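Examining the three-dimensional arrangement
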Amino acid sequence: MSARRSLDSPEPLDHVARIQREWARERPDVDVRPQGVIGRLHRLAGRLTEELCVVYREHGLGEGDFDVLAALRRAGAPFERAPSELAEHTMVTTGAMTKRIDRLERAGLATRRPSELDGRGRVVALTAHGREVIDRAFTAHMANERRLLGALTGDEAAQLEVLLTKWLARVEPRGE
């Protein structure tokens, strides 16, 4: 269905469609159809982040804390990575990573020690308590993601995954 038909539809308009209708009225010379996809993805991402953060908070974590603990857990035994490697895996600066690691150390979820391979380097590792917390949080996180995807059929979710994978591959550099 084209954006034009959906804007003229007798069905109630969502937030994005209302904005598109206003722009179409004010700037009929500009094609506002891309806003239908981008605007809805942006709004959906915000809503999903809110819903995901609820579960993180239930486990005493912020979104960044969850990301670091998950990156350490995914590393496999002995559940450790260099801070620079953590920054790469969580897509934050090394400065932001330092703050996250400091917080996790204070909470007893991670430790920092000198690297055995590089005298100047450091290694961050999960504590036993950190592993317990991330294992519980990850289980709840996956249940939450399943709940959120429950708004779609299995086929719809699979189609959306294919489309998003294709789109992301075209806009994101390889390997990120």
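All of these numbers come straight from a predicted model, not from anything done at the bench.

A few points about the packing of aromatic side chains
In the structure shown here, the tally under the stated rule is 1 aromatic pair. Judged by centre distance (4.4 Å) and plane angle (25 degrees), the ring pair of Tyr56 and Phe66 falls under stacked. Of this pair, Tyr56 sits in helix H3 (residues 33-58) while Phe66 sits in helix H4 (residues 63-74), and the two are 10 residues apart along the sequence. The two residues Tyr56 and Phe66 agree in class, both being buried.

Side note on a positive patch on the surface
On the surface, a cluster of positive charge is contributed by Arg18, Arg21, Arg43 and Arg47. Those elements that provide at least two residues to the positive patch are helix H2 (15-26) and H3. Its location among the elements puts Arg43 in helix H3. Note on Arg43: relative accessible area 37%, which makes it partly exposed.

Description of the sheet that holds strand E2 (residues 110-114)
The 3 strands lie next to each other as E1-E3-E2, forming an open sheet whose pairing is antiparallel. Both outer strands of the open sheet, strand E1 (80-81) and E2, are each paired with one neighbouring strand and no more. Where E1 meets strand E3 (residues 122-126), 2 bridges bridge the pair, whose relative direction is antiparallel. Paired with Glu80 across the two strands is Ala125, which belongs to E3. Against the sheet, H4 contacts E1, E2 and E3, and its axis sits at roughly 90 degrees relative to E3.

Brief notes about the pattern of salt bridges
Taken as a whole, this structure holds 12 salt bridges when the rule is applied. Its salt-bridge partner being Asp102, residue Arg112 comes within 2.3 Å of it at the nearest N-O pair. Placement of Arg112 in strand E2 and of Asp102 in helix H6 (residues 94-106) is noted, with a sequence separation of 10 residues between them. Residue Arg112 is classed as partly exposed on the basis of its relative accessible area, which comes to 22%. Judged by its relative accessible area of 27%, Asp102 is partly exposed.

Some words on the environment of Pro34
Mapped onto the elements of the fold, Pro34 is located in helix H3. The class of Pro34 is partly exposed, set by a relative accessible area of 48%. In this structure, the C-alpha to C-alpha distance between Pro34 and Leu61, residues 27 residues apart in sequence, is 36 Å.

Quick word on the side chain of Arg100
Assignment of secondary structure puts Arg100 in helix H6. Apart from residues lying up to four places away in sequence, Arg100 is in contact with Gly64, Asp67, Val68, Thr90 and Val92.

Rules and cut-offs
Just so you know, the residues in each chain are numbered from 1, in the order the chain's sequence is written. Local features in this predicted model are restricted to residues of pLDDT 70 or higher, and side-chain atom pairs are both shown and tallied only at a pLDDT of 80 or more, whereas totals for entire chains, interfaces and linings draw on every residue. Side-chain numbers come from the whole structure's heavy atoms, not from hydrogens or water. Aromatic pairing here means that ring centres of Phe, Tyr or Trp (its six-membered ring) are within 6.5 Å. Orientation follows from the plane angle: under 30 degrees is stacked, over 60 is edge-to-face, and everything else is tilted. Counting from the N terminus, the helices are the DSSP runs of H or I reaching at least four residues and the strands are the DSSP runs of E reaching at least two. Buried residues are those whose accessible area, probed at 1.4 Å on protein chains only, stays under 20% of the maximum for their type, while exposed residues exceed 50% and partly exposed ones sit between those limits. In this scheme, patches are assembled from residues that exceed 30% relative accessible area and form no salt bridge. Like charges are connected within 9 Å, while nonpolar side chains (Val, Leu, Ile, Met, Phe, Trp, Tyr) are connected within 5 Å. Only the protein chains shown count as cover for residues, and the accessible areas themselves come from Shrake-Rupley with a 1.4 Å probe. By salt bridge we mean one thing: a side-chain nitrogen of Lys or Arg within 4 Å of a carboxyl oxygen of Asp or Glu. When charges are counted, Lys and Arg are positive and Asp and Glu negative, with His and the chain ends excluded. Charge positions are represented by NZ for Lys, CZ for Arg, CG for Asp and CD for Glu. Should DSSP find at least two bridges between two strands, the strands are regarded as paired. A contact between two residues is defined here by any heavy atoms of the two lying within 4.5 Å. Convention adopted: a line fitted to C-alpha atoms gives each axis, helices being fitted over their contacting stretch, and angles between N-to-C directions are expressed from 0 to 180 degrees.

The quantities given are spatial measurements derived from coordinates; they are silent on function.
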